[in-house]
Amino acid sequence: MATMHVDRTGGGSFPRFTLMTLAGRTLGAIPPTAQVLLGIVSVQIGAALAKNLFSVVGSTGTVALRLFFAALILVLLWRPSLRLNRRAWTVVVSYGVVLGTMNLCFYLALERIPLGIAVTVEFLGPLAVALAGSRRWLDAFWALLAAGGVVLLMEGRGDLDLVGFLFALAAAACWGTYILLSAALGRHTSEGSGLAIGMAFAALVAVPFGAAESGTALFQPWVLIVGIGVALLSSVIPYSLELEALRKIPPRVFGILMSLEPAVAAIVGLVVLQESLHMLQWVAVFAVVAASAGATRGSARPEV
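For the structure given in this document, a descriptive report is provided here.

Rules used throughout
- Residues numbered from 1 in each chain as written.
- Predicted model: local features only at pLDDT ≥ 70, side-chain atom pairs only at ≥ 80, totals over all residues.
- Heavy atoms only, no water.
- Helix = DSSP H or I, 4+ residues; strand = E, 2+ residues; numbered from the N terminus.
- Contact = heavy atoms within 4.5 Å.
- Areas by Shrake-Rupley, 256 points an atom, 1.4 Å probe, with all protein chains shown as cover.
- Expected span 1.5 Å × (residues − 1).
- Bend = angle between axes of the 7 residues up to and from the residue.
- Axes fitted to C-alpha atoms, helices over the stretch in contact; angles between N-to-C directions.
- Parallel < 35°, antiparallel > 145°, perpendicular 65-115°, else oblique.
- Left-handed = near helix turned anticlockwise from the far one by under 90°.
- Core = buried A, V, L, I, M, F, W, Y, C linked by side-chain atoms within 4.5 Å.
- Buried < 20%, exposed > 50% of the residue type's maximum accessible area, 1.4 Å probe, protein only.

**As for the overall build of the chain**
Then, number 1: A tally of regular secondary structure across the chain gives 14 helices and zero strands.
Then, number 2: Moving toward the C terminus, one meets the helices and strands of the chain in the order α-α-α-α-α-α-α-α-α-α-α-α-α-α.
Then, number 3: Of the contacts formed within the chain by residues at least 6 apart in sequence, a portion of 86% connects residues at least 24 apart.
Then, number 4: Roughly 14,300 Å² of accessible area belongs to the chain as shown, and the carbon and sulfur atoms make up 70% of that amount.

As structure tokens, this is what we get:
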């Protein structure tokens, strides 16, 4: 993979070749299941770190920082070619717009409700994709289990912010669409080129909102440093880990491991942000985790 970049960009790419080769060897030494779990933990710690910025630059300002720096890092790493056909551009732009909208909705939810609840509701998007078109009775059970989990989330604490809940639902719809567009992105672009360009469009969606809300507060040195940390933890590191893991393990196993994300989010929210959930809400989180794991396992064809 790195050799292809050297051939395309010439002798000036040697430092990047060395960096990417070293990064590839380091990632390759980590077992794939551990890569997925590390990616999940990285995303949720990044979200917790981002939430600490809300009082300074707001939720949309935090999204703007995250996506801007993530796009910058990915473009510098991949140096993507802009020579794409019309179909590829349509997919890349759609991917970026959905990615930017998903992050805005998720962070607006995170501003109003606990991390564990926001991620649990958002996870309904991938679950809907896994269940779409299924006619099995067992999948109907998983759908009912997930729906029961959502009801428990709403009943578990009466003061749960409805607007935050609706933003999380909007993020879930975007995540389901994002999954479908990610598959198309892989078909129409090579390596990390499409991801880098798509992330740039996501930044274009988010930055105007962030600038309007936060203004010059975005340019405080410590805010910029934290923004880079959020971009690395929430985007660059987990995307890289997931990409490497998917080269070595079946999608079914990957999906089951990713089903742990709501539970990890609830634990990170408790430990890092001191966001405690009521017992019924913990039950709701694990109901969605079980539904997602079951639906993912059942929807995949046996590996050959």
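**Comments concerning helix 11 (residues 221-246)**
Then, number 1: Between its first and last C-alpha, helix 11 extends 36 Å over 26 residues, near the 38 Å set by a 1.5 Å rise per residue.
Then, number 2: Bending of helix 11 peaks at approximately 40 degrees at the position of Leu232.

**A look at the packing of helix 3 (residues 32-51) against helix 13 (residues 261-273)**
Two packed helices can be described by the angle between their axes and the distance between those axes.
Then, number 1: In contact at an axis separation of 9 Å, helix 3 and helix 13 are set at 40 degrees when each is read in the N-to-C sense. Our classification of the angle between helix 3 and helix 13 gives oblique. When you trace helix 3 past helix 13, the crossing you get is right-handed. Where helix 3 abuts helix 13, its residues Ile40, Val41, Val43, Gln44, Ile45, Ala48 and Lys51 lie against Glu261, Val264, Ala265, Val268, Val272 and Leu273.

**Some points on the nonpolar core**
Then, number 1: Residues Val36, Leu99, Phe106, Leu115, Tyr178 and Met199 are the most contacted members of the largest nonpolar core, which totals 87 residues.
Then, number 2: The element best represented in this core is helix 5 (residues 86-110), accounting for twelve residues.
Then, number 3: Residue contacts for Leu115: discarding those within four places in its chain leaves Gln44, Ala47, Lys51, Phe106, Leu110, Ala265, Val268, Gly269, Leu273 and Glu275.

**Some details on helix 10 (residues 193-214)**
Then, number 1: Its 22 residues give helix 10 an end-to-end C-alpha distance of 31 Å, which sits within 8% of 32 Å, the value for a rise of 1.5 Å per residue.
Then, number 2: Maximum bend of helix 10: about 30 degrees, positioned at Ala206, with proline Pro208 one to four residues after it.

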